[in-house]
There are 4 protein chains.
Amino acid sequence: MISVDLNADLGEGFGAWTMGDDEGLLAVVSSANVACGFHAGDPSTMRRVCAWAAAGGVAIGAHVSYRDLAGFGRRRMEVPAEVLRDDILYQLSALSGLARTAGTSVRYLKAHGALYNQASEELGVARAVADAVVAWDPELPVLCLPGSTMATVAADAGLPVVAEGYLDRAYEAGGGLVARREPGAVIEDPAVSVARALELVQEASVTALDGTRVTLDVRSLCVHGDSPGALRLAREVRDALEDAGVVIAPFVDVVAGPA
Amino acid sequence: MISVDLNADLGEGFGAWTMGDDEGLLAVVSSANVACGFHAGDPSTMRRVCAWAAAGGVAIGAHVSYRDLAGFGRRRMEVPAEVLRDDILYQLSALSGLARTAGTSVRYLKAHGALYNQASEELGVARAVADAVVAWDPELPVLCLPGSTMATVAADAGLPVVAEGYLDRAYEAGGGLVARREPGAVIEDPAVSVARALELVQEASVTALDGTRVTLDVRSLCVHGDSPGALRLAREVRDALEDAGVVIAPFVDVVAGPA
Amino acid sequence: MISVDLNADLGEGFGAWTMGDDEGLLAVVSSANVACGFHAGDPSTMRRVCAWAAAGGVAIGAHVSYRDLAGFGRRRMEVPAEVLRDDILYQLSALSGLARTAGTSVRYLKAHGALYNQASEELGVARAVADAVVAWDPELPVLCLPGSTMATVAADAGLPVVAEGYLDRAYEAGGGLVARREPGAVIEDPAVSVARALELVQEASVTALDGTRVTLDVRSLCVHGDSPGALRLAREVRDALEDAGVVIAPFVDVVAGPA
Amino acid sequence: MISVDLNADLGEGFGAWTMGDDEGLLAVVSSANVACGFHAGDPSTMRRVCAWAAAGGVAIGAHVSYRDLAGFGRRRMEVPAEVLRDDILYQLSALSGLARTAGTSVRYLKAHGALYNQASEELGVARAVADAVVAWDPELPVLCLPGSTMATVAADAGLPVVAEGYLDRAYEAGGGLVARREPGAVIEDPAVSVARALELVQEASVTALDGTRVTLDVRSLCVHGDSPGALRLAREVRDALEDAGVVIAPFVDVVAGPA
């Protein structure tokens, strides 16, 4: 039996503003990256998403970010390592408490937006993230880009590392993502995304933009739900995987130890 | 042996801004009301104050507030009960996580500023505070104004209630505080504050503005440290109490059950 | 020839978050209440809405608010008068500068949310609003609830006062709005709203909840566009008014002096 | 008669937090870089500092920043050019309106913190700053580092450019500042700062860290007042300049056209 996790960003509203269809998406994914208040996510939204996730058997991850509501955490910043570590601990703690009062718990961490990108490339940023997780719980898995600096640093710190694959981004022959500014970087054809999902799960590989077949062993697939089209695609991906006999389940229920 | 707690507000800086002398005050008090990020208190300040408090044997309380950095949490607001409860849970959780990574824990909650004042008078606000604490930990003490709505609501919710007395505010014959706008409401003579501290601890009473002797049984005295003069007065109060044989100790180490 | 103004709240997104259909609404209204950054409205949204409004001949008003992004400016607050006045001046100035670089200008002010409600009832709040407008430009009209404290205070300060009517709220026999918590307070039948618009414009009256006919002379009608249904209703209202020969035009182009 | 301007950062408090001695510093400098709310500076502080500056004949500059209260605008960020331009216009507009109601006006712009540093080096950032100023007022001077990208871009855009010198930073032989991390980068001896001021003003040169004499023609000297020591040094610099017959006056009253 093959199993895979589907993860998506949730709880990205703030006060009167909403983003995406949290309840719709919770019916599709097995892991929810829940915003913790720094790029999105007011406390009531956080608690509500935790409660819905708990009810649906969806695992909760802390989707930590730079402190940047105006930029939705998408803007690169240079934050001193100690400040960044403490900002992450603050978010992780806050979500954890709200999850607990909703009858569940935070099972993993994933960096959001610019913090995800910088942690994938910059040693100092990756270390600040890992330091926060180690201080919080050295058994807490980090969901990240395979082959990234974040993956290496987290593994070196003894943290469980879980690799994720992307269904809407082209890959380079070396296994990295094609930069967004490059032609063909973003996949817009749903059929290609579905095929990509099956290839990743069934063959542990991905076909790069240049046609090369790249080995890529991921335990989670990242899907999006910030538009009706994105949610429909996520649903299609799940259906195609289930039709192929793949079980969708939270990676935290499957992972025994560090990846 | 008589014992009393001294509590003060700490960690009220934010980023580049500082307020008060946290280290100086931690050498005087036995309980630290630590700001949680909504009226003051960035994560690094929170962690640092927790570490210092732990090192000095000072108990940590969550000093929760309305979300109001620009107003330092001093402006009354009408926040929907559920939002307020979740805002408090968020702050309590965040401080708790940072305290844990600093080797200590949150031992009580005290509302800050306008939230303290509104919870002292308004049933809905007091209930939102109590709901948050009960959801978090039904054994967590609430430090509040004796005779206030907050005290009643917290007690009704089964929470340990700890009463505090003020050294720089005049009391009414009924045991309430004289409103700030009234003449004589604020005590500026250090000698009067010191005498007040001794009266509260040794005789469980306070002399009201009109001369009436009011019974007031408090386990903690609130002192301030936001100016050099305030810190000096706090030091004097501690010295006077110790000279009189009173032991200064965190109320959480003395209280066995609900007050 | 009868003329009336239609006003609506615009530019209520913030960063990655959107609210309502600004471009759709700008095709319907003649006056745009533009958020200034305190309850919504990042600078780029502000500038963009100003440019669209200028292109469409829509007058721009400063939709000033309490500083409360998390509560969308809907929560009552007690802000010291001087701070409130300066907060309003800050927003008015900021929008004015962005409007100017978009080739247009701020033509009036309307308070938002809780500030609108409190200025309608509380003397101190209304005075802080009027003080800000007088300091900025004693000729700038204030769009507000007829008969409210805001209307009186603004008129006393010599400011042009423009009254607005509501199409989705029931009126009391005295001319005030029925409180939202009362049954029947909110009108949900589009036909009633359309009839209300015609009655207000053609007869300068409104039928109160108890059937009484109340004289109400308004120069602007407030419509909403925060949902597809609301936008459709606004469009219907405009069509019905135009079918009845009413010209929709910015009140600032019609008003000669103080109302 | 030789004349020079002394500029300093002012109005860097926020709500309950203060920073530096605004009134003390206004007695020393001739130009005040006033924070506009994004890294510091609430509206009431802005208005108050404008009023004091106007009373003292001190020229007001908009000290614009990244949106980063938690980091005091000192953290490098990657903000999209259009957003950055509009953020700057928002701040410039807001301060301008508050200055106007205080009876004065904004006479120049200076970027703050990380924005200053990035605009000194990065073409895109410098262009966003210049675009904002040109859109606002193509005659508004930009106070910046001589030889920097900001200086070049502003001059190319036709803006008046005013160069400033630093009294507490070592210079390289090429005229640039020695990076803060290098040994000797920061000057801590007041006597050296005073000598530096005299050399810059009387000889239009500066002695670099390696002893080289570098030509540097600046119209303003940047001083600091964020500590009692800094304020004392600023006072000493002013006294030394005046003793040497140098007149301290706002550069905006001296500059006729683009530098």
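Source: prediction; values computed, not measured. (Residues numbered from 1 in each chain as written. Chains lettered and ligands numbered in written order. Predicted model: local features only at pLDDT ≥ 70, side-chain atom pairs only at ≥ 80, totals over all residues. Heavy atoms only, no water.)

Colleague: Hey, could you go over the pairing of strand 2 (residues 31-35) of chain A for me, with residue numbers and the actual values?
Modeller: All names here are of chain A. Counting buried residues in strand 2 gives five out of five residues, a clear majority hidden from the surface. Burial of strand 2 is two-sided: the residues Ser31, Asn33 and Ala35 facing one way and the residues Ala32 and Val34 facing the other way are all buried. Where strand 1 (residues 3-10) and strand 2 come together, four bridges link them in parallel fashion. Pairing of Ala8 across the sheet is with Ala32, part of strand 2. Pairing geometry for strand 2 and strand 3 (residues 59-64), over five bridges, is parallel. Residue Ser31 lies in a different strand from strand 3, and its bridge partner there is Ala59. (Buried < 20%, exposed > 50% of the residue type's maximum accessible area, 1.4 Å probe, protein only. Helix = DSSP H or I, 4+ residues; strand = E, 2+ residues; numbered from the N terminus. Pairing = 2+ DSSP bridges.)

Colleague: Run through the interface of chain B and chain A, naming residues and quoting values.
Modeller: Contact with chain B, which involves 25 residues of that partner, is made by 25 residues of chain A. Surface buried jointly by chain B and chain A totals about 2000 Å² across both partners, of which 55% is contributed by carbon and sulfur atoms. A salt bridge links Glu82 of chain B to Arg48 of chain A; the nearest nitrogen and oxygen atoms lie 3.7 Å apart. Seen at the junction of chain B and chain A, the total is ten residue pairs in polar contact (both at pLDDT 80 or more). Mapped by element, the contributors of at least two residues to the side of chain B that touches chain A are helix 2 (43-56), helix 3 (81-101) and helix 5 (123-136) of chain B. (Contact = heavy atoms within 4.5 Å. Buried area = accessible area lost by both parts, 1.4 Å probe. Salt bridge = Lys/Arg side-chain N within 4 Å of Asp/Glu carboxyl O. Polar contact = N/O pair within 3.5 Å; in protein donor to acceptor, adjacent residues only side chain to side chain.)

Colleague: Tell me about the interface of chain C and chain D, and name the residues and values.
Modeller: Tallying the contact residues gives 25 residues for chain C and 25 residues for chain D. Across the chain C to chain D interface the summed buried area is about 2000 Å²; carbon plus sulfur atoms make up 55%. At the junction of chain C with chain D, the criterion picks out six salt bridges. For Arg47 of chain C, the salt bridge is made with Glu82 of chain D, and the minimal N-O distance between the two is 3.2 Å. Viewed at the interface, chain D and chain C are joined by ten residue pairs in polar contact (both at pLDDT 80 or more). Of all the elements in the fold, those that place two or more residues in the side of chain C that touches chain D are helix 2 (43-56), helix 3 (81-101) and helix 5 (123-136) of chain C. If one sorts the elements of the side of chain C that touches chain D by residue count, helix 3 of chain C sits on top with 13 residues. Residue classes in the side of chain C that touches chain D are distributed as twelve nonpolar, five polar and eight charged. (Nonpolar A, V, L, I, M, F, W, Y, C, P; charged D, E, K, R; others polar.)

Colleague: So what's going on with helix 6 (residues 149-156) of chain B? Residues and values would help.
Modeller: All names here are of chain B. Every buried residue of helix 6 is accounted for by Thr149, Met150, Ala151, Val153 and Ala154. Buried residues along helix 6 sit in contact with helix 4 (113-121), helix 5, strand 5 (142-144) and strand 6 (161-166). Within two residues after helix 6, Gly158 carries a phi angle of roughly 85°, on the positive side.

Colleague: Break down the relation of the copies chain B and chain A for me, with residues and values.
Modeller: The operation relating chain B to chain A is a screw motion whose rotation component is 180°, with 0.0 Å of axial translation and a residual RMSD of 0.0 Å. Both chain copies can therefore be described as sitting about a two-fold axis. In terms of C-alpha distance to the rotation axis, chain B has Ala94 of chain B as its closest residue, with the C-alpha 2.1 Å off the axis. Comparing contact sets, 100% of the residues at the interface of chain B also lie at the interface in chain A, consistent with an isologous, same-surface contact. (Least-squares fit on C-alpha atoms with pLDDT ≥ 70 in both.)

Colleague: Describe the environment of Glu122 of chain B, listing the residues and the values that go with them.
Modeller: Residues and elements named next belong to chain B. One can find Glu122 in the loop between helix 4 and helix 5. What makes Glu122 partly exposed here is its relative accessible area of 31%. Linking Glu122 and Leu233, residues 111 residues apart in sequence, is a C-alpha distance of 32 Å. Beyond its immediate stretch of four places on either side in the chain, Glu122 contacts Arg76 and Thr149.

Colleague: Go over the pattern of salt bridges, please, and point to the residues and values.
Modeller: In total, this model carries 52 salt bridges over all chains according to the counting rule given. Glu199 of chain B is the salt-bridge partner of Arg213 of chain B, the closest N and O atoms lying 2.7 Å from each other. Here Arg213 of chain B is found in strand 8 (residues 213-215), whereas its partner Glu199 of chain B is found in helix 7 (residues 190-203), with 14 residues between them in sequence. Here the salt bridges do not stand alone but share partners, grouping Arg47 and Arg48 of chain A together with Glu82, Arg85 and Asp86 of chain B into one network.

Colleague: Report on empty space enclosed by the protein, specifying residues and quantitative values.
Modeller: According to the stated counting rule, one finds five cavities of 30 Å³ or more in the structure shown. Its volume calculated, the largest cavity comes out at about 1100 Å³. Forming the boundary of the largest cavity are 44 residues, of which Leu69 of chain A, Leu69 of chain B, Arg67 and Leu69 of chain C together with Leu69 of chain D lie nearest the centre. Residue composition of the lining of the largest cavity, by class: 24 nonpolar, eight polar and twelve charged. (1 Å grid on protein atoms, 1.4 Å probe; cavity = no way out; pocket = protein on both sides within 12 Å on 5 of 7 lines; lining within 4 Å. Points joined across faces, edges and corners; volume = space filled by probe spheres on them.)

Colleague: Can you tell me about the packing of helix 7 (residues 190-203) of chain C against helix 8 (residues 228-243) of chain C, naming the residues and giving the values?
Modeller: Residue and element names in this part refer to chain C. Running from N to C, helix 7 and helix 8 cross one another at 40°; their axes reach a closest spacing of 9 Å. Compared by their axis directions, helix 7 and helix 8 come out oblique. In this structure, the crossing between helix 7 and helix 8 has a hand that is right-handed. Between helix 7, through Pro190, Ser193, Val194, Ala197, Leu198 and Val201, and helix 8, the contact on the second element is made entirely by Leu233, Glu236, Val237, Ala240 and Leu241. Among the residues forming the contact of helix 7 with helix 8, the class breakdown is nine nonpolar, one polar and one charged. (Axes fitted to C-alpha atoms, helices over the stretch in contact; angles between N-to-C directions. Parallel < 35°, antiparallel > 145°, perpendicular 65-115°, else oblique. Left-handed = near helix turned anticlockwise from the far one by under 90°.)

Colleague: Account for the confidence of the model for chain A, with residues named and values stated.
Modeller: On average, residues of chain A score 95 in pLDDT, and 98% of them are at 70 or above. Here the predicted complex scores 0.96 on pTM and 0.95 on ipTM. (pLDDT = per-residue confidence, 0-100.)

Colleague: Break down the environment of Leu26 of chain A for me, with residues and values.
Modeller: All names here are of chain A. Mapped onto the secondary structure, Leu26 falls in helix 1 (residues 22-26). We classify Leu26 as buried; its relative accessible area is 10%. Measuring from C-alpha to C-alpha, the distance between Leu26 and Leu233 comes to 14 Å, with 207 residues separating the pair along the chain. If sequence neighbours within four positions are ignored, Leu26 has contacts with Leu10, Ala32, Val49, Trp52, Ala53 and Val58.

Colleague: Residue-level account of the environment of Ala70 of chain A, with values.
Modeller: With respect to the helices, strands and loops of the structure, Ala70 of chain A is situated in the loop between strand 3 and helix 3 (81-101). Sequence separation between Ala70 of chain A and Asp253 of chain A is 183 residues, and the spatial gap between their C-alpha atoms is 35 Å. In this view, Ala70 of chain A contacts Arg75 of chain A, Phe14 and Gly15 of chain C together with Arg67 of chain D; residues no more than four positions away in its chain are not counted.

Colleague: Describe the state of the cysteines, with residues and values.
Modeller: Residues and elements named next belong to chain A. Within the structure shown, the criterion is met by zero disulfides over all chains. Summary of cysteine pairing: Cys50 is not part of a disulfide, and the nearest cysteine sulfur, belonging to Cys36, is at 8.6 Å. A residue is classified by how much of its surface remains accessible, and Cys50, at 0% relative accessible area, is buried. (Disulfide = S-S within 2.5 Å.)

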